[in-house]
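Breakdown of the fold
Below are the chains, spelled out letter by letter.
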Amino acid sequence: MNKITHGNYVGMTTCQILVEAEHSASAIVLQPEYASPEEAIGAISVELLKSGKSLTFKEIQLVLIVRMKLSSGEAQQTILREALMLVTNKSLF
């Protein structure tokens, strides 16, 4: 069963599309919503560690770019772009 949820948080409208697996009790979030660039970087870092991948600036940048390209919301694209700039600036030093 697919479910779309909406919510207003601090003046920002968020929308998540959830897909419930038939044999699983948990839902999979296809496109997560972030409130800030720092939250996006933190969440992506946790996802990479949980998946067993290495936590590098390049890996975080790749995920941010993919999520930014897949995001249809202007607010989320802005947050992801700012997160990408933060990670890119950190990797230069």
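Before going into details, it helps to say that this report is about the structure given with it. Since the structure is predicted, the reported quantities are computational estimates derived from the model, not experimental observations. (Residues numbered from 1 in each chain as written. Predicted model: local features only at pLDDT ≥ 70, side-chain atom pairs only at ≥ 80, totals over all residues. Heavy atoms only, no water.)

**Details of a nonpolar patch on the surface**
Judged by side-chain polarity, Leu62, Val66 and Leu70 come together as a nonpolar surface patch covering roughly 290 Å² of accessible area. Summarising the element assignment, valine 66 is placed in helix H2 (residues 57–70). In this structure valine 66 comes out as partly exposed when scored by relative accessible area, which is 41%. (Patch = residues over 30% accessible without salt bridge, like charges linked within 9 Å, V, L, I, M, F, W, Y side chains within 5 Å. Areas by Shrake-Rupley, 256 points an atom, 1.4 Å probe, with all protein chains shown as cover. Salt bridge = Lys/Arg side-chain N within 4 Å of Asp/Glu carboxyl O. Helix = DSSP H or I, 4+ residues; strand = E, 2+ residues; numbered from the N terminus. Buried < 20%, exposed > 50% of the residue type's maximum accessible area, 1.4 Å probe, protein only.)

**Quick word on the nonpolar core**
In this structure, Tyr34, Ala40, Ile44, Ile60, Leu64 and Leu80 are the most contacted members of the largest nonpolar core, which totals 14 residues. For this core, the secondary structure elements donating two or more residues are helix H1 (37–50), H2 and helix H3 (74–91). Sort the elements by how many residues they give to this core and H3 lands first, with five residues. Setting aside chain neighbours within four positions, we find isoleucine 44 in contact with Tyr34, Ile60, Val63, Leu64 and Arg67. (Core = buried A, V, L, I, M, F, W, Y, C linked by side-chain atoms within 4.5 Å. Contact = heavy atoms within 4.5 Å.)

**A few points about the packing of H1 against H3**
Pairs of packed helices are described in terms of their axes, by the angle between the two and the distance that separates them. Put simply, H1 and H3 touch, their axes get as near as 8 Å, and they point 70 degrees apart. Comparing their axes, H3 and H1 come out roughly perpendicular. Here H1 contributes Pro37, Glu38, Ala40 and Ile41 to the contact with H3, which in turn contributes Ile79, Leu80, Glu82, Ala83, Leu86 and Val87. Of the residues belonging to the contact of H1 with H3, the class tally is eight nonpolar, no polar and two charged. (Axes fitted to C-alpha atoms, helices over the stretch in contact; angles between N-to-C directions. Parallel < 35°, antiparallel > 145°, perpendicular 65-115°, else oblique. Nonpolar A, V, L, I, M, F, W, Y, C, P; charged D, E, K, R; others polar.)

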